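# Structural features, examined
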Amino acid sequence: MERLFQDLRFAVRLLLKDRAFTLTALLTLAICIGANATIFSVVNSVLLRPLPIREPERLVLMHNSYPRAGVERSSNGVPDYYDRLRELQAFEEQALYDTRGLTVGIEGDPQRMSGMMATPSLLRMLGAAPLHGRIFTEAEGELGNDRKVVLTYGLWQELYGGRTEAVGQELRINGEPYSIVGVLPAGFSFLDPDVRLWIPAAFSVEEKSARHSNNWSMVGRLRPGATAAQAQQQLDALNARNMERFPHFKEILTNAGFHSVVVPLQEDLVRSIRRTLYLLWGGVLFVLLIGVVNITNLVLVRSSGRAKELATRQALGAGLGRLTRQLLTETVLLTAAGGLLGLAVGYWGVSVLSALGLERLPRGTEVRLDGVAVAFTLLLALGVGMVVALVPVVSMRHVNLSQAFREESRSGTSGHGTRLVRRSLVTAQVAFAFMLLIGAGLLLASFQRVLAIDPGFEPASVLTARVAPPESRYPDSQALRIFTGRFLERLRTLPGVQQVGITSSVPFSGDSSDSVILAEGYRMAPGESLISPFNTSVSPGYFESMGIALRSGRFFNDSDTERSPNVVIVDERLARRFWRDTNPLGRRMYSPGSAQDLTKPGPDSRWYTVVGVVSEIRMSGLVETDDRVGAYYFPLAQQPRHNLGLTIRADSSSTAITPAIRRTLAEIDPELPLFGVVTMQERLEETLVDRRTPMVLAAVFGAVALFLAAVGIYGVLAYQVAQRAREIGIRMALGSDAWRVFLLILSEGLLLLGAGLALGIIGAFSIRSALESQLYGVGAMDPFVLGSVAVVLGLVSLAACAVPARRASRIDPVIALNQ
């Protein structure tokens, strides 16, 4: 132990003495290790850390899929739940759930909150132990017994100040009284941290028989020993039996490619971000490798400079073991300090990611620099220290230090082996930097292609908001028509409002719906599937407020009422599907009223006349993840909805009219809150988070890699010039001019650059398949991107080469020969 303290004291003195080396190494380590700590914190929190619920590895999600109908991922129907409860033996328990917006009446000031509506089995499945009261009983999942509510800890504190007498009190939800039966413990959540309260799901007889009316998410807990593959087999067999039980669905579902999917809950939750995070982690590991190479080069330079010291200590009796231990102590101490600085950088990095919209990613609100991330960072720093120390230790064990010292003093150059190692390390740096820059360049080019996508509407100066008249006070269509008519009329008179509309589905809000619609006279080809386009109800003024172009016909107007003929507007894509090159105006469409109407019109079918064709718009995001085969729109007066979105185009700052909208709504119905107030441009920006954040991070990593590679090339050449000063002096004394010396050093740097670029291209091809899934509109080996990156890296490297080359060309041969 005493020798260890001696080594530590000696290491500290040496590192403080060589401040330039120490500061450079610490800065490099802090950046590289800090970047790894940041990304590992995200990877660990999102991908590796188990969900904070009981035995999450046994939970799986189920969903239906109709790929040939344009719906790759759908939800589940209520009949699915009861079928699977009876017949799937792989499950211990199953539950349906859905996140709903709820209006909670709070002392005359109603607030809109996110609530979880779920079968009573869900809280039991999750192992929820209430802090006060109880969770739902199975009987409370039946109509008539379902007016119960369980509060989250945060809402309990907010409404009742933590008083236990809250249990048993009533709370108005959507205008109806609910009895509070329990309070969940602090920190409990399931998938959505914004959920404030839970209510039981209860189903009518009609809902229990409405097959393929998919509105619910479904989760199941596997029995001990059961696997997701076994559950999938049982579910496939159940679907096959249901095909025979309900033959009128068989052909339709077969043509739609219907099947159901079982997937582990945690795997499904992060499906959209997993590959991106692993790619970023791989990228930041490349940054670390470049940093390690840089520090290794610094250590090699420093070791060469310390050859006399080490040779002297060896001559005085210090064995190789003693010298090795000293070198290891110095390097590990340096990297440990760099690791501590890296933790600070990592903490700051997580904060920066939060500012970039990290919380919008799956499990993004759970990301933190926890104990696991701290341990990973410190172990990483220790590992870096061992690796960095390895090269000088190995070289010292294979070379006689005294002989090496004599050679250095005689020739002014380091050994050939050392020079080869340093050049190889710099070549690797350039290759890694090139690969990172290619990734960053491709993501940037891809992001630019995404930004160039036309959403089909004009988001600038459009404010969106939501309002949800509850069924308890707006029980029928006429009550909804009166409310929407008054609200729309009042909004049109507000100062600064150019156009205003009401819609059931605001683009990019995640609240879109779809349903089957058919065209009169359209004959499906054998095996052709029904389609399920986006289905939206809109008021007059909606298309104008959103800037959606009219291709033919007309928009809805105030004459489209419940007493006028039913009409519909379709987008260009749906028009091409049903009418190809013919004019769709005046043609008829129908919505199936029952399963029998899916093959031909029946007495329950509802008919509509096409009065307009509008441009296709993006509903889910600029890059659609599914294919709904178009969209169709009904007049809101003919198809009223309870969940309504406002789209208001203003001639000034759109958010400035928000107070006036709130006042207008309060004058019509003081118990209705206005919520979800956000501009259309902000909604568009939110859809880009999962592409912008990786692009920004990749650009940062690429810039760091570029800087470190340039420093590496500069360091090698600068050291080489210093070591070869005598040789260069002799060359100049024998007639070589400054320009030739400049080109000599420059050519050696360009040789390193060329070798690194060649290896980088090979490496880029090796990661091609991983990059392709993250790109849009650009190939993984796009020649323009590759060429641009090569030019940038070449120019920066050329500048790094030019400085030591210029220094070499200005060496005075007289001074050099006298050294």
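What follows is about the packing of aromatic side chains. Scanning the entire structure with this criterion turns up 23 aromatic pairs. Relative to Phe 543, the ring of Tyr 542 lies with its centre 5.5 Å away and its plane at 65°, an arrangement referred to as edge-to-face. We note that Tyr 542, like Phe 543, is buried. Ring centres of Tyr 590 and Trp 607 lie 4.9 Å apart, and the angle between their planes is 40°; on these two criteria the pair is classed as tilted. You can see Tyr 590 sitting in strand β17 (residues 588-591) and its partner Trp 607 sitting in strand β18 (residues 606-614), a full 17 residues away along the chain. Owing to a relative accessible area of 23%, Trp 607 belongs among the partly exposed residues under this scheme. Through a chain of ring-to-ring contacts, the aromatic side chains of Tyr 542, Phe 543, Phe 555, Phe 556 and Tyr 633 assemble into a single cluster. The ring of Trp 216 carries Arg 100 above its face, with NZ or CZ at 4.8 Å from the centroid. The lysine or arginine in question, Arg 588, covers the ring of Trp 607, its NZ or CZ lying 4.1 Å from the ring centre.

Here we come to a nonpolar patch on the surface. A cluster of nonpolar side chains, Leu 750, Val 791, Leu 795 and Leu 798, forms an exposed patch at the surface whose accessible area comes to about 340 Å². When you line up the elements, Leu 798 lands in helix α25 (residues 783-809).

In globular proteins that are soluble, nonpolar side chains generally tend to be buried together. Core analysis: the largest hydrophobic core is formed by 65 residues, its most contacted members being Tyr 542, Phe 543, Ile 548, Phe 556, Tyr 633 and Leu 793. With eleven residues, helix α15 (residues 416-451) is the single largest residue contributor to this core. Leave out the neighbours within four places in its chain, and Phe 556 touches Val 538, Pro 540, Phe 543, Val 567, Val 568, Ile 569, Val 611, Tyr 633, Phe 634 and Pro 635. Counting residues in each nonpolar core, the second largest holds 46 residues, with Leu 15, Ile 39, Leu 47 and Ala 433 among its members.

Now for the pattern of salt bridges. Per the counting criterion, the structure on display carries 32 salt bridges. The shortest N-O distance in the salt bridge between Arg 245 and Glu 87 comes to 2.9 Å. Residue Arg 245 is found in helix α7 (residues 228-245), and its partner Glu 87 is found in helix α3 (residues 78-87); the two are separated by 158 residues along the sequence. Given a relative accessible area of 41%, Arg 245 falls into the partly exposed group. By relative accessible area, Glu 87 is classed as buried at 19%.

Turning next to the packing of helix α16 (residues 477-492) against helix α19 (residues 658-668). Relative to each other, α16 and α19 sit at 145°, their axes nearing to 10 Å. As α16 packs across α19, the resulting crossing turns out to be right-handed. From α16, Phe 483, Arg 486, Phe 487, Arg 490 and Leu 491 reach across to α19, where they touch Ile 661, Thr 664, Leu 665, Glu 667 and Ile 668. Here the residues of the contact of α16 with α19 are counted per class, giving six nonpolar, one polar and three charged.

So, about empty space enclosed by the protein. All told, the structure shown has three cavities of 30 Å³ or more when counted by the stated rule. Within this model, the largest cavity holds a volume of roughly 150 Å³. Forming the walls of the largest cavity are 15 residues, and the residues nearest its centre are Asp 80, Arg 211, His 212, Asn 242 and Phe 258. Contributions of two or more residues to the lining of the largest cavity are made by α3, α7 and α8 (247-255). Taken together, the residues of the lining of the largest cavity sort by class into seven nonpolar, four polar and four charged.

Quick notes on the rules
Residues numbered from 1 in each chain as written. Predicted model: local features only at pLDDT ≥ 70, side-chain atom pairs only at ≥ 80, totals over all residues. Heavy atoms only, no water. Phe/Tyr/Trp six-rings, centres within 6.5 Å; stacked < 30°, edge-to-face > 60°. Buried < 20%, exposed > 50% of the residue type's maximum accessible area, 1.4 Å probe, protein only. Helix = DSSP H or I, 4+ residues; strand = E, 2+ residues; numbered from the N terminus. Lys NZ or Arg CZ within 6 Å of the ring centre and 35° of its normal. Patch = residues over 30% accessible without salt bridge, like charges linked within 9 Å, V, L, I, M, F, W, Y side chains within 5 Å. Areas by Shrake-Rupley, 256 points an atom, 1.4 Å probe, with all protein chains shown as cover. Salt bridge = Lys/Arg side-chain N within 4 Å of Asp/Glu carboxyl O. Core = buried A, V, L, I, M, F, W, Y, C linked by side-chain atoms within 4.5 Å. Contact = heavy atoms within 4.5 Å. Axes fitted to C-alpha atoms, helices over the stretch in contact; angles between N-to-C directions. Left-handed = near helix turned anticlockwise from the far one by under 90°. Nonpolar A, V, L, I, M, F, W, Y, C, P; charged D, E, K, R; others polar. 1 Å grid on protein atoms, 1.4 Å probe; cavity = no way out; pocket = protein on both sides within 12 Å on 5 of 7 lines; lining within 4 Å. Points joined across faces, edges and corners; volume = space filled by probe spheres on them.

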